[in-house]
Structures are given as C-alpha cells and as structure tokens.
Amino acid sequence: MQNLITFNYTILRQKLVVFTGAGISAESGIPTFRDANGMWGKYDAMKLASVAGFEEDPQAVLDFYNARRKNLLEVEPNHAHRVLADLEKQYDVTIITQNVDNLHERAGSSKVLHLHGELSKVTSSRNRLDPNCIKDYPLDVPIRLGDKAADGSQLRPYIVWFGEYVDNMELAEHLVRQADIFVVVGTSLVVYPAARLVDYAHREIPKFLIDPKDLKGGLPAGFQHIKAKAVEGVDELVRRLEELEK
Ligand code: APR
C-alpha cells in the first residue's frame, strides 16, 4: 500500500501582538479608570482593589466586584474587539490585555492573555495562584462572605490587586519580543509592570498605538500614533497593515 504522506502545511503567518487596556472596552460601555469619569475618580482603588482593602472591608470589595461582574452580562464586544478577532484570518494574533472583561473572547479572539485577572473567575484568598482554586464562576452569582474556595479559604475574585504579583508577565514579555507587528490600544501606560511591555518590542518592527489622546508619558519610541477612538482606530490600523503587505 502506497504510504500516505500527509503534509502539514503550517503557513507561517506574521505574529501580530496587541496589547489592550480599558480604552478598547470604553465603547462597550465599560468605564475606563483614569479618564474624566473614570472608575478611580469615583471609587478608591486602594480600598476596593488591594489586599489591604479586602482584609479591612471584604464586603465592600465583594460588592464592587459583584457589580462589575453582573454588568459584564449587560455589555457586548464592540467593533474594535471584532476587528482584532477578524485579523486572525491573516495573522497569528495574540491579545495581551490588562482588562478583566471577557469581550475579546466573546468577539472571537482565540489567544487572549489576561495580565490583571478575569472577572469571570474566582480563586482562593489564601493562595490566589493555586490552580486547584482558580475556576470559572457564573457572572450573575454574587461572591458572598462565607463562600469557600477549594482550599477552604474565603472565595475572592480572580483579579490582580494593586501590589500583587503579575504572574504571567514573563510570558507576555516573550510574546512581545517575538512579535512581527506590535499594536497598543486604549491604555494610559501608567501601571507597571504591564506598561513595561512596550519596551520589549523590537525596534525595527512596525508599532502602532491607538488612543484618542496624547499619552501623558509621551508616545513610546518608534510607535505610529493612530489618534482615534478604538472603534475608528482599528479600521485605520487595517489600512496601514494592508499598506505593509504591498
Ligand atoms: N478608544 C481608545 N482609547 C480610549 C478610549 C476609546 N474610546 N477612551 C479612552 N481611551 C484611552 C485613554 O485616553 C487612556 O489612554 O484609554 C486609556 C485608558 O487608560 P486607563 O483608564 O488608565 O486604563 P488602563 O491603561 O487600562 O489601566 C491599566 O490600571 O487600574 C488598573 O488594573 C487596572 O488594568 C488597569 C490598569
């Protein structure tokens, strides 16, 4: 019998890495953090998004996150999320996001790395990174005082709070280093270590930054600023990517 030889054609597509922040979800109705009507203008981040805050008033923290979790059921991905998902037809796309919403996934992006956790998951308050304790949790079910994680500790949101270790930063840095094209969308680049990612992109690759405003810290070196909201900026990005292909 003739040997059947199967060829596995993996068409080497360019690696497009997209680093997103709250701005990409703004048009979905999720407020950003540091804009005029931003979340940290209304709420005290240190009281509601820190371990000390959770220890001091766990109910207030759970109320804050339960409201955001429930709200996630009422919002949809927007055009910007969808265009990034569509780019998977031409590129090997990886999304690295600071956002804790699930809008990239719901828009169809298949590779999404969350640096700051996910509203759709819960974990242990004794060891946040215990894989036996991290699990999906229905967004419409409040996390209550007395609910237990697998290790018997109080259940908490699977969110990286201020001062907590960002455990997949090395992977994120590796992905940015490997990028053939790097895009930043909707982040003020003021929170570290996440903001450091822009330093890992190779100097000679095309780099774009989509934001309607000029960044307080200035445009990172070598980036083209697409000065627009994400929903318009992504269409301009596609035009510029098409130019690169010519
Ligand atoms: N389209 C694109 N960008 C926008 C839009 C929009 N419609 N609206 C606002 N922006 C931009 C703002 O100009 C700003 O540069 O999005 C950025 C939002 O910045 P932040 O509110 O600081 O949000 P982000 O950078 O994601 O915050 C980083 O801080 O509080 C922590 O963990 C939290 O992940 C968050 C991190």
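Residues numbered from 1 in each chain as written. Predicted model: local features only at pLDDT ≥ 70, side-chain atom pairs only at ≥ 80, totals over all residues. Heavy atoms only, no water.

Asks: How would you summarise the site of the ligand if you had to cite specific residues and measurements?
Replies: Around the ligand sit 23 residues, and of these R34, W40, T187, S188 and D211 come closest. Here a nitrogen atom of the ligand and a backbone polar atom of A230 are 2.9 Å apart. Notes on the ligand: free accessible area 740 Å², of which the protein chains cover 93%. There are two domains that each give the shell around the ligand at least three residues, and those are domain 1 (1-30 + 77-116 + 166-246) and domain 2 (31-74 + 119-159). (Near = heavy atom within 4 Å. Polar contact = N/O pair within 3.5 Å; in protein donor to acceptor, adjacent residues only side chain to side chain. Areas by Shrake-Rupley, 256 points an atom, 1.4 Å probe, with all protein chains shown as cover. Domains from an automatic or database assignment.)

Asks: Tell me about the sheet that holds strand β8 (residues 207-210), and please be specific about residues and values.
Replies: An order of β3-β2-β1-β7-β8-β9 is seen for the six strands of this open sheet, with the pairing classed as parallel. The two strands at the open ends of the sheet, each matched to only one other strand, are β3 (112-114) and β9 (223-226). Adjacent strand axes in the sheet meet at a mean angle of 20 degrees, parallel and antiparallel pairs treated alike. Where strand β1 (residues 15-20) meets strand β7 (residues 181-185), five bridges bridge the pair, whose relative direction is parallel. (Pairing = 2+ DSSP bridges. Helix = DSSP H or I, 4+ residues; strand = E, 2+ residues; numbered from the N terminus. Axes fitted to C-alpha atoms, helices over the stretch in contact; angles between N-to-C directions.)

Asks: Tell me about helix α7 (residues 169-177), residues and numbers included.
Replies: Those residues of α7 not exposed but buried are M169, A172, E173 and V176. Projected down its long axis, α7 carries its buried residues within an arc of 100 degrees, all on one side. Tucked into the core, α7 has its buried residues touching β1, β2 (92-97), β3 and β7. (Buried < 20%, exposed > 50% of the residue type's maximum accessible area, 1.4 Å probe, protein only. Arc of directions from axis to C-beta. Contact = heavy atoms within 4.5 Å.)

Asks: Quick one: what's the story with unusual backbone geometry, residue by residue and with numbers?
Replies: Here Y192 and P193 are connected by a cis peptide whose omega angle stands at 5 degrees. Structurally, the position occupied by P193 is in the loop between β7 and β8. Of note in this structure, L189 is not a glycine but carries a positive phi near 55 degrees.

Asks: Talk me through helix α8 (residues 230-245); I want residue IDs and the actual numbers.
Replies: Its 16 residues give α8 an end-to-end C-alpha distance of 22 Å, which sits within 8% of 22 Å, the value for a rise of 1.5 Å per residue. Burial in α8 covers these residues: A230, V231, G233, V234, L237 and L241. The buried residues of α8 all sit within an arc of 145 degrees when viewed along its axis, so they share a single face. Where α8 is buried, its residues touch α5 (79-86), β7, β8 and β9. (Expected span 1.5 Å × (residues − 1).)

Asks: Help me get a handle on the pairing of β7, residues and values and all.
Replies: With five of five residues buried, β7 lies mostly within the body of the structure. A two-sided burial pattern is seen for β7, the buried positions comprising I181, V183 and V185 on one face and F182 and V184 on the other. In the sheet, β7 pairs with β8 via four bridges, with the strands oriented parallel. For V185, the partnering residue across the bridge sits in β8 and is I210.

Asks: An account of the pattern of salt bridges is needed here, citing residue identities and associated values.
Replies: A full pass over the atoms with the stated rule returns 15 salt bridges. We note a salt bridge from D35 to K213, for which the minimum N-O separation is 2.2 Å. Residue D35 is located in the loop between β1 and α1 (39-42), and its partner K213 is located in the loop between β8 and β9; the two are separated by 178 residues in the primary sequence. For K213, a relative accessible area of 43% puts it in the partly exposed group. Each of R128, R156 and E164 takes part in one network of salt bridges that share partners. (Salt bridge = Lys/Arg side-chain N within 4 Å of Asp/Glu carboxyl O.)

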